[in-house]
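A structural walkthrough
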Amino acid sequence: MVLVQPMPWLRTAALSMNLHAGVHREPAHLGGLSGMVCEMIQRGAGQYSSRDLVAAQDNLGIDRNSGVSTAFVSFGASMPSESLQAAISLYADIARNPHLPQDQLEDARMMAVQELRAMEDEPTHRVMRRLRELHYGEHLGRSNYGTETGIQNITQEDIRDFYQANYHATGGILSIAGNVDPDKVVDWTEAAFGDWRTGKLEDLPSPIGATKYEHFESASSQTHIGFAFDAVPYSHPDYFKLRAGMGILSDGMSSRLFDRVREQRGLCYTVTASCHSLKNGGGVFGYAGTTPERAQETLDVTLHEIEHLLDDLDSSELERWKVRIESGLIMEQESSASRASSMASDYYQLGRPITTVELETLIESLKLDDIREYWSAKPPRDYRIVTLGPKPLTIPAPPESTAV
Amino acid sequence: MPEFRETTLSNGLRVAAEIDGRGYSAAFGYFVRAGSRDEVDRESGLSHFLEHMMFKGTERRSAADVNRELDELGGQSNAYTSEEQTVYYATVLPKFQDRLIDLLTDMLSPTLDADEFATERQVILEEIAKYEDQPPFGAFERAMEVHFGPRGLGRRILGTTESIKTMEAATMRDYFHRRYRPENIVLAASGNIDFDSLVEQVENLTRSWSQRPKIATPDTDPADTVPTGISLEPRIAIPDAQQAYMVGISPGPCSTSKDRYAARALGSIMGDEGGSRLFWELIDSGRAEVATLWPHEFMNEGAWFTYMVCAPEDAKSNRRLMDDIIQSTLDNGIKPEELQQTLSKATAGAIMQSERPSNRLFGIGSRWLTCGEYLSTDDALDCLRNITLDDVENAAKKYLTTDATEIVAVAESPAATA
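Residues numbered from 1 in each chain as written. Chains lettered and ligands numbered in written order. Predicted model: local features only at pLDDT ≥ 70, side-chain atom pairs only at ≥ 80, totals over all residues. Heavy atoms only, no water.

Overview of the packing of helix α2 (residues 63–72) of chain B against helix α3 (residues 97–107) of chain B
Residues and elements named next belong to chain B. The condition is simple: Angular values range over 0 to 180 degrees, each being the angle between N-to-C directions of two axes fitted as lines to C-alpha atoms, with helices fitted over their stretch in contact. Labels follow the DSSP assignment, with helices taken as runs of H or I lasting at least four residues and strands as runs of E lasting at least two, numbered in each case from the N terminus. To sort the angles, those under 35 degrees are grouped as roughly parallel, those over 145 as roughly antiparallel, those from 65 to 115 as roughly perpendicular, and the leftovers as oblique. Handedness of a crossing follows from how the near helix is turned relative to the far one, being left-handed for an anticlockwise turn of less than a right angle and right-handed for a clockwise one. Here a residue-residue contact requires only that any non-hydrogen atoms of the pair lie within 4.5 Å. Residues were grouped as follows: Ala, Val, Leu, Ile, Met, Phe, Trp, Tyr, Cys and Pro as nonpolar; Asp, Glu, Lys and Arg as charged; and all remaining residues, including Gly, as polar.
Interaxial distance between α2 and α3 falls to 10 Å at its minimum, and their mutual angle equals 155 degrees. Looking at the two axes, α2 sits roughly antiparallel to α3. In this structure, the crossing between α2 and α3 has a hand that is left-handed. The residues of α3 that touch α2, namely those facing Val-66, Glu-69, Leu-70 and Glu-72, are Arg-99, Leu-100, Leu-103 and Met-107. Taken together, the residues of the contact of α2 with α3 sort by class into five nonpolar, no polar and three charged.

With respect to the pattern of salt bridges
Selection criterion: By definition here, a salt bridge exists when the distance from a side-chain nitrogen of Lys or Arg to a carboxyl oxygen of Asp or Glu is within 4 Å. Three labels apply to residues, based on accessible area from a 1.4 Å probe with only protein chains included: buried if under 20% of the type maximum, exposed if over 50%, partly exposed otherwise in between.
Enumeration according to the criterion identifies 64 salt bridges over all chains in this entry. One salt bridge in this structure joins Glu-138 of chain A and Arg-130 of chain A, with 3.3 Å as the shortest N-O distance. Residue classification places Glu-138 of chain A among the exposed positions, given a relative accessible area of 52%. Between Asp-382 of chain B and Arg-385 of chain B there is a salt bridge, with its nearest N and O atoms 3.2 Å apart. With Asp-382 of chain B and Arg-385 of chain B both in helix α14 (residues 377–385) and three residues apart, the pair spans about one turn of that helix. Within this structure, Arg-130, Glu-133, Glu-138, Lys-212 and Glu-214 of chain A form a network of salt bridges that share partners.

Examining the environment of Leu-112 of chain B
All names here are of chain B. One can find Leu-112 in the loop between α3 and α4 (114–132). It is 15 Å that separates the C-alpha atoms of Leu-112 and Arg-212, two residues lying 100 residues apart in sequence. Contact partners of Leu-112, with chain neighbours within four places excluded, come to Leu-50, Met-53, Met-172 and Arg-173.

As for the nonpolar core
Applied cut-off: As used here, the term nonpolar core means buried Ala, Val, Leu, Ile, Met, Phe, Trp, Tyr and Cys residues forming a set that is joined through side-chain atoms within 4.5 Å.
The biggest cluster of nonpolar side chains holds 55 residues, and the ones touching the most others in it are Leu-13, Phe-28, Tyr-30, Phe-55, Tyr-88, Tyr-180 and Leu-198 of chain B. Top contributing element to this core by residue count: α3 of chain B, with five residues. Ile-41, Ala-108, Tyr-167 and Val-180 of chain A belong to the second largest nonpolar core, which has 50 residues in total.

Observations regarding empty space enclosed by the protein
Applied cut-off: A 1.4 Å probe that fits into a set of points on a 1 Å grid over the protein atoms alone but cannot get out defines a cavity; an open set with protein on both sides within 12 Å along at least five of seven lines defines a pocket, and lining residues are those with an atom within 4 Å of a point. Grid points are joined across faces, edges and corners, and a volume is the space filled by probe spheres set on the points.
Summed over the entire model, instances satisfying the criterion amount to three cavities of 30 Å³ or more. Estimates place the volume of the largest cavity at around 70 Å³. Along its surface, the largest cavity is lined by Gly-247, Ile-248, Asp-251, Ser-254, Ser-255, Glu-317, Arg-320, Trp-321 and Arg-324 of chain A together with Asp-71 of chain B. Going through the elements one at a time, α9 (239–250) and α12 (315–331) of chain A are the ones with two or more residues in the lining of the largest cavity. Looking at the lining of the largest cavity element by element, the count peaks at four residues for α12 of chain A. Considered class by class, the residues forming the lining of the largest cavity number two nonpolar, three polar and five charged.

Here's the deal with a negative patch on the surface
Residue and element names in this part refer to chain A. Stated precisely, the cut-off is as follows: For patch building, the residue pool is restricted to those with more than 30% relative accessible area and no salt bridge; the joining distance is 9 Å between like charges and 5 Å between nonpolar side chains (Val, Leu, Ile, Met, Phe, Trp, Tyr). All accessibility values rest on the Shrake-Rupley procedure with a 1.4 Å probe; residue burial counts only the protein chains present in the view. Counted charges follow a simple rule, with Lys and Arg positive, Asp and Glu negative, and His plus the chain ends left uncounted. By convention, the point assigned to a charge is CZ for Arg, NZ for Lys, CD for Glu and CG for Asp.
Residues Asp-181, Asp-183, Asp-187 and Glu-190 make up a contiguous surface patch of negative charge. When you line up the elements, Asp-181 lands in the loop between β5 (173–178) and α8 (182–193). Residue class for Asp-181 comes out partly exposed when judged on its relative accessible area of 36%.

Here we look at the sheet that holds strand β5 (residues 86–92) of chain B
Residue and element names in this part refer to chain B. Just so we agree on the cut-off: A strand pair is defined by DSSP finding two or more bridges across the two strands.
Spatial ordering of the open sheet is given by β1-β2-β6-β3-β5-β4, a layout of six strands whose pairing is mixed. For this open sheet the edge positions go to β1 (3–8) and β4 (76–81), each flanked by a neighbour on one side alone. Ignoring which end each strand starts from, the neighbouring axes of this sheet average 10 degrees apart. Sheet analysis places strand β2 (residues 14–19) next to strand β6 (residues 185–191), joined by six bridges and oriented parallel. Each bridged residue has a counterpart across the sheet, and for Ala-16 the counterpart in β6 is Ala-188.

This is the structure:
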C-alpha cells in the first residue's frame, strides 16, 4: 500500500516504509533476529556497498532511522524534497536487493550485543521491558533488542531465511508526505516496488498477560516503578474515550498525575502514564521514579489517582486536553516526517489513514460522559507491576471482585 | 523569506524575532543570562532550582494556575538551564500569542512561596537521584568539573544533594534579583508572529522590572577548596554497570571563534553516528556501542568532548584505536569527498530544521543573548558552503592535539561483567 499526502508549503519530503518483519516473527530461541536482519540489509544493497549506501544517503541529505517493533521493521527518511525520487529507489534496493554479506555477520552480531548491554544499564528500560512481557505475554511482549543467547545463536542461514520469509510486498506500507506531486510519487514507487514478490502474513499472537508483581534488586539511587493494565487498542471504537481519560490523567503540566504526585507532593521528578496499542491488544503503561523511602507512597498515590479519575471529573480538564491535541494536529502540518509516520500507523491500525479534519471532529465530539462510560465499564485492575531498587514494595490488594 | 526584527525596550530588555507569516505556529522564549557558572558555592544548583520555581506562582497566578494556563494554550512549553543561561519557552498557535506572552512574562516575576520552595526541593533531589541511576552516571559533569575546575563553567547545573538540601529561599531571592535584570534577558520569537503587538505588550508588562533591587555580587569562593559534595576523582564506581563509559574533554572553539564551523564539520567527519571515521572502525564493527567526538561552544571558552561506551574489557584497546584514528587524521588529513558528504548532510539538516519555528527559536535567542548577532538559515548555509579542507585540517591540528582529561564510569569490579 502506498499513501501520499502533498504538503506543498514545505521544502521537505519524508517517507516511512513498514514491512511485516517485526519481532513477533522471530523463533523463540532467536530473540534479536529481526533487529539483526534490519541491520544486515543496510550493509550493502544493489550497486552499493555498506559505505556507499551511507555516502549516498548523506549526499541526498537524508535524515534517517530504522528499527523493529512487534509487527514491523520500519525505515524513516526525511530529506529536501528534490531527493525523494532517488531515496525511493535506494530504499527499494535496501528492501529488495540486500547483499546480506556473510563477512559482516559477526560485526552486526557484536553491534546487537552492544545495544543490548547498554539497555541493561538503563533501569527504566529494564523495568518497562519486563513489564511489557508481563502485560502482553512472553511472545507478543517480546523485547525489540532480543536476548544475549538469541543473538549469539543467529546464523547466516537464519538471516537469509528470515529475510526470505518476511521481506516482501504483502501488507507492506509505504507512506510519503511533503512537497511532492502524488502522480509522480505513484510512478516512482510503481517503478521501484511494482514487481516485488508477494508473501504470506501471520497474525500477531494473542495477548496473554497476567496480574503479577516482580522486583529487580539493585543498589540504585531511585526505586523505578512500572505498572500496566488492560485497555482497548487504537482500532477500538472506544479508544478515544480511553485516551481522553488518560489525557486528563497524564498529558500536560496540569494533568492529575503531574499535579498531584509531583507538584503537590514532590514525590518524584518523572511520573507518567500513556496508552499503548498493538493491532490486537492494548494497555496503559505507566512509570514513576522516586527515592526508595518514598517509593511506596508514590505507588499508592499514583494508583489511587488512576482509580479515582471519575471522582471529580471537570469539563475544563477535557477542554484543555482537546486544545493540546488540536494544536498538535495543526503543528503536524509543519513536519513531513511526522505526517508520514501517522499515516502509516493509521493505515495499519485502522485500514485507512485518518485526515486531520476527521480526527479534529472526533476529538471535538468527546464528552465527559464518554470518559465516565469507558472507565466505569473497564476500570483499571489486574495490574502488572515491576519495580527496580533496593527493596520491593507492597502491592495493593485487588479490589473486591464483583460479579460481571 | 523570513524577516528579522529586533528592538531594545526602555528597561533594557531585548527582543529579537524571525518572522514568517506563513507558519502554522509561533514560538517564544525568554533567554536569561543565569546559569551555573554565575553561581557561588552556597548557590550551587540555584539557577536550575529557580527555573522550577518560575512555574510555582506569581502575584496574579497560583502554581496550579500557571500549569493550567500553559496547558490551556495547547502547544509545547518547557524550560531548561545550562551553564550559561536559563530558557523558558513555548510554541503555540498564533492566535494564542497575547495570552502566552502575558503568562510567560508574569512567570518571570515569581513569588517564591516558602511551601512551594520546600516541596520543589524534593523534586530537585529526585531529579538528581534520577540522573545518578542513568548512564553515563555523571561522567560528563565530572569531566567538566575536573577540566574547568568545580566552579565557573565546571559547576554542575543541578547542584549537589548537599547544596539543595541546605538551600534557603532568601538566597534564591537574592540570586533572582541579581541575575533576572532586564539587561540580562532576551525575549526571542520565531514563526507566525505579530512583532509590533509583541513589543508593545512586553514593554507594558515589564515596566517594573527595572526597579528590581540591586544585589551586590557575592564574594568568590576560595580557589584552594573543593565545594561540599563534589569529587574530582577521574574514576566513578557504578555498582552493577555492564558497560564502561568514558568521557574525554579538552579545549575547543568558543561561540565567537572563526573556526567553529570548521570544527563542527571535523566533529561530524570524525564522530557522526552512521558514517564517520570513528563509526566505521568502532561502531559498525561492534567494538563499541558509542564512539564519538564533538566540539561544544560556550560564550568565551570551548570544550572538545570524546565519548565512548563499550565492554570494560575492551576499553583499553578501543581507546588506542580511537587515538590511532585521530592521529591518522592529523597525519593524512581529510578527503574532499568526506567534507562534501558532511556538508551535504549539514545543509539538508539546516533546511529541515528551518521548517519548524520551535527549532529556530533556540539558535536565535541564544545568539542574540550572548553575541547580539542574528544568523538566518541562509547565512548559516553560506557559512557551511565556505568551509574548506584547509579549515578542517587546521581545526584538527588545533583541537585534536591537546591532552584530554579522562573520566571513566565503570562497575567496581569489571571482571564481574565478563
